[in-house]
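# Structure at a glance
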Amino acid sequence: MNPIYEMFNYQYIQQQAQEKHFAQIAKVQQSANKLKDFLDSADEIEPVYRNEALKEFCAIIGYYLNKQRI
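These remarks concern the structure in this document. (Residues numbered from 1 in each chain as written. Predicted model: local features only at pLDDT ≥ 70, side-chain atom pairs only at ≥ 80, totals over all residues. Heavy atoms only, no water.)

### Section: the packing of aromatic side chains
Overall, the coordinates contain 2 aromatic pairs when judged by the stated rule. Here the aromatic rings of phenylalanine 38 and phenylalanine 57 are separated by 4.9 Å at their centres, their planes lie at 75°, and the arrangement is edge-to-face. Within this pair, whereas phenylalanine 38 is found in helix H2 (residues 10–43), its partner phenylalanine 57 is found in helix H3 (residues 50–68), the two being separated by 19 residues in sequence. By relative accessible area, which is 33% here, phenylalanine 38 ends up partly exposed. You can call phenylalanine 57 partly exposed: its relative accessible area is 26%. Relative to tyrosine 64, the ring of tyrosine 63 has its centre 5.1 Å away and its plane inclined at 90°; by these criteria the two rings are edge-to-face. (Phe/Tyr/Trp six-rings, centres within 6.5 Å; stacked < 30°, edge-to-face > 60°. Helix = DSSP H or I, 4+ residues; strand = E, 2+ residues; numbered from the N terminus. Buried < 20%, exposed > 50% of the residue type's maximum accessible area, 1.4 Å probe, protein only.)

Next comes the structure, spelled out in structure tokens:
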């Protein structure tokens, strides 16, 4: 199909939007699963080491917040 025609083809545009939507939903699910894995692994840290882990976690979160400027 001609790329110029596709710019005005509503069905094509809707299909592209839907594909992007489902790809983003899949990324959300993957991230949620990774967060669950992280929290499960954090539960395995002995209480004596949890403060040290918290410091490390906060440093990483701070880095990403600064990176994203949230």
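More follows now that the structure is in view.
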